[in-house]
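# Report on the structure
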Amino acid sequence: MKLYTLNTARLQYLETGQFIIRFLTDFESLNLDPATDPEFKTLYDSLKTQSPIYDEALMQIRAKAESELLVTQDEIRDKKLATLRRAIGVYRYIDESAEQSAYNLLRILLSVYKKIEVANFEAETLGLSNLVAELRSATYSFEVQTLGLTVHVNNLETANNNFKTTFNTRSTTTINTAVY
């Protein structure tokens with residue numbers, strides 16, 4: 001058997017965990033008594049106690065699968081918002097006064113939510129929920145119907161709700177996860 005030097009500074013987490021397990025297994029298989037050295041026994045018992053906890057903590061280091069799903073759902077939300085903005089923008093040069101008035105009112109509303117898609121997840125979620133609520137309110141519902149935007153508002157609301165569901169599930173899971 002060829003022996004290799006061990007560079008402890010370059011050990012990865014899993015290698016470190018396996019190194020600890022290997023040490024404990026080998027020490028027990030040699031039938032050595034750690035009590036012959038009181039200081040060693042204290043360290044040995046501590047290592048033996050902490051090893052299973054360390055093994056459980058190793059699995060938390062890997063990335064959560066929900067992160068990728070959240071990014072995808074956030075991109076979908078952003079596209080639905082862009083679609084709504086473009087659908088409103090179509091009426092920028094319309095000659096009919098009712099549609100021109102609806103466009104101007106909705107353009108002002110959308111300016112309040114300018115760049116909401118670059119906000120953090122929580123702020124964007126709340127901002128889009130508020131936008132949808134305002135578009136459905138009595139103040140803007142006539143304008144939304146006039147420009148035929150109901151389908152776009154529904155799509156934005158659905159995308160935002162899907163994101164909220166995934167984010168809330170992940171948040172609950174994270175809260176209930178043991179921290180090591």
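To keep things clear, this report deals only with the structure shown in the data block. Note that the structure is predicted; figures quoted are calculated from it, not measured.

Contact pair helix α1 (residues 13–29) / helix α2 (residues 38–58): the axes reach a minimum separation of 10 Å and the direction vectors enclose 140°. In terms of axis orientation, α1 runs oblique to α2. Crossing angle aside, the handedness with which α1 passes α2 is left-handed. Listed contacts from α2 to Tyr13, Leu14, Thr16, Gly17, Ile20, Ile21, Phe23, Leu24, Phe27 and Glu28 of α1 are Phe40, Tyr44, Leu47, Lys48, Ser51, Tyr54, Asp55 and Leu58. When grouped by side-chain class, the residues that make up the contact of α1 with α2 number twelve nonpolar, three polar and three charged.

Before going further, it helps to examine the packing of aromatic side chains. For the structure on display, the rule yields eight aromatic pairs. Measuring from ring centre to ring centre gives 5.0 Å for Phe121 and Phe163, while their planes differ by 65°; the resulting arrangement is edge-to-face. Pair noted here: Phe121 is in helix α5 (residues 121–136) and Phe163 is in helix α7 (residues 150–176), with a separation of 42 residues, a long-range link. On the basis of relative accessible area, Phe121 is assigned to the partly exposed category, the value being 28%.

Core analysis: the largest hydrophobic core is formed by 22 residues, its most contacted members being Leu84, Leu106, Leu131, Leu135 and Leu149. Elements supplying a minimum of two residues to this core: α3 (65–89), α4 (97–112), α5 and α7. With five residues, the single largest contributor to this core is α4. Leaving out residues up to four positions away in the same chain, Leu131 has contacts with Leu81, Leu84, Leu109, Leu110, Tyr113 and Leu156.

For the coordinates displayed, the defined rule picks out seven salt bridges. Ionic pairing is found between Asp45 and Lys41, a salt bridge with its closest N-O pair at 2.8 Å. A residue pair is termed a helical-turn pair when its members lie 3 or 4 positions apart in one helix, as Asp45 and Lys41 do in helix α2 at four residues. Residue class for Asp45 comes out partly exposed when judged on its relative accessible area of 30%. Linking Glu124 and Arg77 is a salt bridge whose minimum nitrogen-to-oxygen distance equals 3.3 Å. Here Glu124 is found in helix α5, whereas its partner Arg77 is found in helix α3, with 47 residues between them in sequence. Residue Glu124 is classed as buried on the basis of its relative accessible area, which comes to 0%. The class of Arg77 is buried, set by a relative accessible area of 0%. The network of salt bridges with shared partners includes Asp74, Arg77 and Glu124.

So, on to the side chain of Gln73. Counting through the fold element by element, Gln73 comes out in helix α3. By relative accessible area, which is 14% here, Gln73 ends up buried. Setting aside anything within four residues of it in sequence, one finds Gln73 in contact with Asn162, Phe163 and Thr166.

Once that is clear, we can look at unusual backbone geometry. For Asn31, which is not glycine, the phi dihedral falls at a positive 55°. Topologically, Asn31 is positioned in the loop between α1 and α2.

A few words now on the side chain of Thr125. Within the secondary structure, Thr125 is located in helix α5. By relative accessible area, Thr125 is classed as buried at 9%. At a separation of 2.7 Å, a polar atom in the side chain of Thr125 contacts the side chain of Arg77. With sequence-adjacent residues up to four places away left out, Thr125 is seen in contact with Arg77, Asn160, Phe163 and Lys164.

Analysis parameters
- Residues numbered from 1 in each chain as written.
- Predicted model: local features only at pLDDT ≥ 70, side-chain atom pairs only at ≥ 80, totals over all residues.
- Heavy atoms only, no water.
- Axes fitted to C-alpha atoms, helices over the stretch in contact; angles between N-to-C directions.
- Helix = DSSP H or I, 4+ residues; strand = E, 2+ residues; numbered from the N terminus.
- Parallel < 35°, antiparallel > 145°, perpendicular 65-115°, else oblique.
- Left-handed = near helix turned anticlockwise from the far one by under 90°.
- Contact = heavy atoms within 4.5 Å.
- Nonpolar A, V, L, I, M, F, W, Y, C, P; charged D, E, K, R; others polar.
- Phe/Tyr/Trp six-rings, centres within 6.5 Å; stacked < 30°, edge-to-face > 60°.
- Buried < 20%, exposed > 50% of the residue type's maximum accessible area, 1.4 Å probe, protein only.
- Core = buried A, V, L, I, M, F, W, Y, C linked by side-chain atoms within 4.5 Å.
- Salt bridge = Lys/Arg side-chain N within 4 Å of Asp/Glu carboxyl O.
- Polar contact = N/O pair within 3.5 Å; in protein donor to acceptor, adjacent residues only side chain to side chain.

Take it as geometry only, folks, not as evidence of what the structure does.
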